[in-house]
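Listed here are the chains, written in short residue letters.
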Amino acid sequence: MWFFTNRTTRRYHHNHKTHGPHDHHHHDQGRDVESRKSGTREIKVVRRVLDANDIMAERMRTVFAEKKVFVLNMMSSPGSGKTTTLQKTLARIMPDLRCAVIVGDICTTNDADRLARSGAPVIQINTDAFGGDCHLAAHVVERAVADLDLDAVDLLVVENIGNLVCPAEFDIGEDKRVVVLSVTEGEDKPAKYPLMFRECDATLLNKIDLLPYLDFEMDLARRTIAQIHPGMPVFEISAKTEAGFEAWIEWLVDQVKAKLR
Ligand SMILES: Nc1nc2c(ncn2[C@@H]2O[C@H](COP(=O)(O)OP(=O)(O)OP(=O)(O)O)[C@@H](O)[C@H]2O)c(=O)[nH]1
Ligand SMILES: [Mg+2]
């Protein structure tokens, strides 16, 4: 098990601290666009940060293709059950599939400690030391991957930082992306955070063991997801009880094997 802390890195994404009161910041067509008011003139500063990330992500994708490593990017808001789902998933697919995990958090090695019990090599990335970035970027993943023996890995899972917005914007060279949405978050979240659901290849609707205690409208959630991303598979699961895991595991293993063939 390896841990990386105190990483220093360039910041590619928003810098909440340096924006002045008149600054406006948004993402536009893959670019980070920052507009500053200067009297009546508006000076547009376009930082092609996402373009730079895309170049690195493509480089990673080439490496993963050469090494025949399938990469899964797992995203969700904090606490929806990424780590728990991954723990239970690894227990079912290892050692048939040789797995490794990169896990991103702002602070702590809690998730790495939990995931290391699977026996898979786990690399923890903490972003706190360089501003608490809310997503993993390609260059951060690239550096973590350098300490993995990719020849001994079939499936590399990247548990992204808990955030339903920013991670969806950053390609990290992955093959597939999944979003975990727990039913405790509410059925309106796909409508409120559509980019994540548009960008992902599958949705895991987690914590269905709690449905009897909630007013979660499953039909509405499914309809909204289908409008945002027609045809995307949606798996209803409970990482606690492992209900619904067969279909999810079958989908995942099919994806991995298609690349390893
Ligand atoms: N009842 C129930 N609880 C769950 C389920 N999955 C996860 N939990 C609980 O939800 C909490 C958060 O789970 P994690 O797996 O740590 O979630 P996470 O998405 O990895 O969280 P971050 O990495 O902090 O974003 C824990 O207390 C889990 O035990 C589930 O299917 N049912
Ligand atoms: Mg986690």
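This text goes with the structure placed above it.
Described below are features of the structure shown in this document. In this text, all values refer to a predicted model and were calculated from it rather than measured experimentally.

1. Re the overall build of the protein
Right, so step 1: A count of helices and strands for the protein gives eight helices and 11 strands.
Right, so step 2: Taking all 261 residues of the protein together, 39% fall into the buried category.
Right, so step 3: Long-range contacts, defined here as pairs at least 24 residues apart, represent 73% of the contacts in the protein between residues at least 6 apart.

2. Here's the deal with helix α4 (residues 138-145)
Right, so step 1: Among all positions of α4, only A138, V140, V141, A144 and V145 are buried. Angularly, the buried residues of α4 cover 160 degrees about the axis, an arc narrow enough to put them on a single face.

3. Concerning the packing of helix α1 (residues 49-66) against α4
Right, so step 1: At a minimum axis separation of 8 Å, α1 and α4 run at an interaxial angle of 30 degrees. Overall, the two elements α1 and α4 adopt an arrangement that is roughly parallel. Each of N53, M56, A57 and M60 in α1 lies in contact with α4, whose residues at this interface are A138, H139, V141 and E142.
Right, so step 2: Class assignment for the residues of the contact of α1 with α4 results in five nonpolar, two polar and one charged.

4. Re the environment of A129
Right, so step 1: Mapped onto the elements, A129 comes out in the loop between β7 (122-126) and α4.
Right, so step 2: A129 gets classed as partly exposed once you count the C-beta atoms within 10 Å, which come to 14.

5. A look at the pairing of strand β9 (residues 176-182)
Where a strand is regular, its side chains alternate between the two sheet faces.
Right, so step 1: Counting buried residues in β9 gives six out of seven residues, a clear majority hidden from the surface.
Right, so step 2: Alignment of β9 against strand β10 (residues 202-206), held across five bridges, turns out to be parallel. The residue of β10 that forms the bridge with V178 is A202.

6. Here we look at helix α8 (residues 245-260)
Right, so step 1: When the terminal C-alpha atoms of α8 are compared, their 22 Å separation across 16 residues agrees well with the 22 Å that a helix rising 1.5 Å per residue should span.
Right, so step 2: Of all the positions in α8, only W248, L252 and V256 are classed as buried. The arc that holds every buried residue of α8, seen down its axis, measures 60 degrees, which confines them to one face. In α8, those exposed residues whose orientation departs by more than 90 degrees from the buried face are E246, A247, E250, D254, K257 and A258.
Right, so step 3: In the core, the buried residues of α8 are packed alongside β5 (70-76), β8 (155-159), β10 and β11 (234-236).

7. Concerning the pairing of β5
Right, so step 1: Within β5, seven of the seven residues are buried, which leaves it mostly tucked inside the rest of the structure.
Right, so step 2: Of the two faces of β5, the one carrying F70, L72, M74 and S76 and the one carrying V71, N73 and M75 are both buried.
Right, so step 3: Across five bridges, β5 lies against β8 in parallel orientation. Its bridge partner being in β8, N73 is matched across the sheet by V158.

Quick notes on the rules
Residues numbered from 1 in each chain as written. Chains lettered and ligands numbered in written order. Predicted model: local features only at pLDDT ≥ 70, side-chain atom pairs only at ≥ 80, totals over all residues. Helix = DSSP H or I, 4+ residues; strand = E, 2+ residues; numbered from the N terminus. Buried ≥ 20, exposed ≤ 12 C-beta atoms within 10 Å, placed from the backbone. Contact = placed C-beta atoms within 7 Å. Arc of directions from axis to C-beta. Axes fitted to C-alpha atoms, helices over the stretch in contact; angles between N-to-C directions. Parallel < 35°, antiparallel > 145°, perpendicular 65-115°, else oblique. Nonpolar A, V, L, I, M, F, W, Y, C, P; charged D, E, K, R; others polar. Pairing = 2+ DSSP bridges. Expected span 1.5 Å × (residues − 1).

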